[in-house]
Amino acid sequence: MDLSGVGVWSHHLRYGDPAQSAEAAAELDELGFTALWIPDVGGPVLDSVDHLLESTKNTVIATGILNLWMHEPSDIAAGYASLTKTHGERFLLGIGCSHAPLVDAKEPGRFRKPLAATRSFLDALDAADQPVPVENRVLAALGPKMLELSATRTRGAHPYLGTPDHTRQAREVLGDRPLLLPEQTAVLTEDRDEARAIGTDWLRTYLTLPNYANNLLRSGFTEDDLSSVSDRVFDAIIAWGDEETVLRRIKEHRAAGANHVCVQVLTADPQEFPREEWRRLAAALT
């Protein structure tokens, strides 16, 4: 399973039109992106993984992340075994505990002791009739304790909404061997006003979630940075500019210890597949 290079993180590939998703995934595979990452905020996520595996030949399909509160570990283990038997070792199971406001929205009080819940989910995957191999799973991890768990119980960590500085801190916690696979958001425009129009509300939504807010506060940002979505936090999280600007940010993550960086492209129309932007990035990467 090749987890070097650069990947694409996209909600379009998961929740967009299935025909467009298949076509886009096949093109991303041909363009040389080494992994395609999809979120899980409800629905049959393994069906989406199967769809993308069928649509591609070489790229890894990764969940970024599978929400552990929404699935039974035994079902995931059985599904994982079936998918790898059919498609080979191209499915990376990214697992995460999501966020209290999202998990508790339908069932108040369900989100509790996320570290223990994650450990229990991994225990159940190990105890399944066909266990999910440690080397083919990673954890969404931001804080030290979850990073330590990802280093000991999985192949590594998939931080989301981070900075190169966080990547450096995560590498120090993980040590040398575990994989570090951060997400990097990008807006391909050299106009700050346009970048702000595309990315500010998107970022504000995430900054209301405790996991991300606390991680950024630990990294030296202030409450005012978060509440106002300051230029400081906007520029740190979102790489906006031309292709070279995005590539520089990817290189900063690599220099900080990342093995692989998955890029999430934002555009003015969040429902439209950003295929032209993906092509531009692929051309710059080669």
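From a predicted model like this one, the values you see are computed outputs, not experimental measurements.

Caption draft 1: Inspection of the side chain of aspartate 40 at higher detail. Locating aspartate 40 in the fold gives a position in the loop between strand E2 (35–38) and helix H3 (45–55). Within the structure, the side chain of aspartate 40 is placed 3.4 Å from the backbone nitrogen of glycine 42, a separation counted as a polar contact. Reaching out from aspartate 40, the side chain makes a polar contact with the side chain of histidine 71 at a distance of 2.7 Å. Once you skip the residues sitting within four places of it in the chain, aspartate 40 turns out to touch Arg14, Tyr15, Val45, Ile65, Leu66, Asn67, Met70 and His71.

Caption draft 2: Focus on the packing of helix H7 (residues 144–153) against helix H8 (residues 164–174). Viewed as axis vectors pointing N to C, H7 and H8 meet at an angle of 55°, and their least axial separation amounts to 9 Å. By the criterion of interaxial angle, the relationship of H7 to H8 is oblique. Judged by the sense of rotation from one axis to the other, the crossing of H7 with H8 is right-handed. Contacts between H7 and H8 pair Pro144, Leu147, Glu148, Ser150 and Ala151 from the former with Ala170, Val173 and Leu174 from the latter.

Caption draft 3: Structural view of the nonpolar core. Leu13, Phe91, Leu93, Ile95 and Leu125 are the most contacted members of the largest nonpolar core, which totals 56 residues. Sorting elements by how many residues they give to this core places H3 first, with five residues. The next biggest cluster of nonpolar side chains, apart from the first, holds 35 residues, and it includes Tyr160, Ala195, Leu209 and Phe221.

Caption draft 4: Here's a closer look at the packing of aromatic side chains. Within this structure, the stated rule accounts for six aromatic pairs. With a centroid separation of 5.1 Å and 50° between ring planes, the pair formed by tryptophan 9 and tyrosine 160 is classed as tilted. With tryptophan 9 in strand E1 (residues 6–9) and tyrosine 160 in the loop between strand E7 (156–157) and H8, this pair connects stretches of sequence that are 151 residues apart. Classification of tryptophan 9 as buried rests on a relative accessible area of 5%. Grouped by ring-pair contacts, the aromatic residues Trp9, Tyr160, Trp202, Tyr206 and Tyr212 constitute a single cluster. If you follow arginine 196 out to its NZ or CZ, it ends over the ring of phenylalanine 234, 4.6 Å from the centre.

So, how was this worked out
- Residues numbered from 1 in each chain as written.
- Predicted model: local features only at pLDDT ≥ 70, side-chain atom pairs only at ≥ 80, totals over all residues.
- Heavy atoms only, no water.
- Helix = DSSP H or I, 4+ residues; strand = E, 2+ residues; numbered from the N terminus.
- Polar contact = N/O pair within 3.5 Å; in protein donor to acceptor, adjacent residues only side chain to side chain.
- Contact = heavy atoms within 4.5 Å.
- Axes fitted to C-alpha atoms, helices over the stretch in contact; angles between N-to-C directions.
- Parallel < 35°, antiparallel > 145°, perpendicular 65-115°, else oblique.
- Left-handed = near helix turned anticlockwise from the far one by under 90°.
- Core = buried A, V, L, I, M, F, W, Y, C linked by side-chain atoms within 4.5 Å.
- Buried < 20%, exposed > 50% of the residue type's maximum accessible area, 1.4 Å probe, protein only.
- Phe/Tyr/Trp six-rings, centres within 6.5 Å; stacked < 30°, edge-to-face > 60°.
- Lys NZ or Arg CZ within 6 Å of the ring centre and 35° of its normal.

Keep in mind these values describe shape, not function.
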